[in-house]
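# Fold and geometry: a report
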Amino acid sequence: MLNFKLASPLLLFLFLAACGTKEGGFPSLEPRSYEADAPISAPIESAAAPSILSGEFAAKADALQARHKAAHGAYLGALAAVQAIASKAAGASAGSELWVNAHLMLSRLDKTRADSVAAMRDFDGLILEAGARDVGLAALLTEAQRPVIEDVAQQNAEIARLSKVIGE
């Protein structure tokens, strides 16, 4: 057995040998680049993001907005009549003629806005496609989609309110 006094220098020699590199040198004791007190510089910005849509995406966004505007216009045109019938049907018994007519008109109102909902969905696909190419384009398309989302949310809320007025 090795004596502890004899083993200590041997272990020390093995530890020091492990500090060397394959080339036989020792690692530098100079500060590493990440240990410096120098502030981290801001990343170099890539090409400026576009500020307006152009080309293929602009044409698609314009077409989707036009579809939505037409459907939203039809929805707004039918809304007053449905609100009036829903008010008359409030409190009517389920299955009565007034109740059935109110639900029928509400269903037709919902159908008039179908193109708005489809345009919103198609915008989502367009944003996904643009995001794969350029994040800036996706942001611009998201901004172009915002009025469609807001109108569809208002439509949803009004249809839900009228449905409660009529009673389910």
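Up top you'll find the structure we're talking about.
What this report covers is the structure whose coordinates are included nearby. Note that the coordinates shown come from a computational prediction; the quantities given were computed from them, not determined experimentally. (Residues numbered from 1 in each chain as written. Predicted model: local features only at pLDDT ≥ 70, side-chain atom pairs only at ≥ 80, totals over all residues. Heavy atoms only, no water.)

As enumerated under the stated definition, the model contains 10 salt bridges in all. The salt bridge involving Glu56 is made with Arg133; its shortest N-O contact spans 3.5 Å. With Glu56 in helix H2 (residues 55-89) and Arg133 in helix H4 (residues 114-133), this pair connects stretches of sequence that are 77 residues apart. Residue classification places Arg133 among the exposed positions, given a relative accessible area of 54%. Two residues, Glu158 and Arg161, come together in a salt bridge whose shortest N-O distance is 2.8 Å. Of this pair, Glu158 and Arg161 both sit in helix H5 (residues 135-166), three residues apart, roughly one helical turn. What you see here is one network of salt bridges that share partners, running through Glu56, Lys60, Glu129 and Arg133. (Salt bridge = Lys/Arg side-chain N within 4 Å of Asp/Glu carboxyl O. Helix = DSSP H or I, 4+ residues; strand = E, 2+ residues; numbered from the N terminus. Buried < 20%, exposed > 50% of the residue type's maximum accessible area, 1.4 Å probe, protein only.)

Before going further, it helps to spend a moment on the packing of H2 against H4. In contact at an axis separation of 8 Å, H2 and H4 are set at 165° when each is read in the N-to-C sense. Between H2 and H4, the angle is such that the two are roughly antiparallel. The hand of the H2/H4 crossing is left-handed. Contact residues: Glu56, Phe57, Lys60, Ala61, Leu64, Gln65, Arg67, His68, Ala71 and His72 in H2; Asp115, Ser116, Ala118, Ala119, Asp122, Phe123, Leu126, Glu129, Ala130 and Arg133 in H4. Considering only residue class, the contact of H2 with H4 consists of nine nonpolar, four polar and seven charged. (Axes fitted to C-alpha atoms, helices over the stretch in contact; angles between N-to-C directions. Parallel < 35°, antiparallel > 145°, perpendicular 65-115°, else oblique. Left-handed = near helix turned anticlockwise from the far one by under 90°. Contact = heavy atoms within 4.5 Å. Nonpolar A, V, L, I, M, F, W, Y, C, P; charged D, E, K, R; others polar.)

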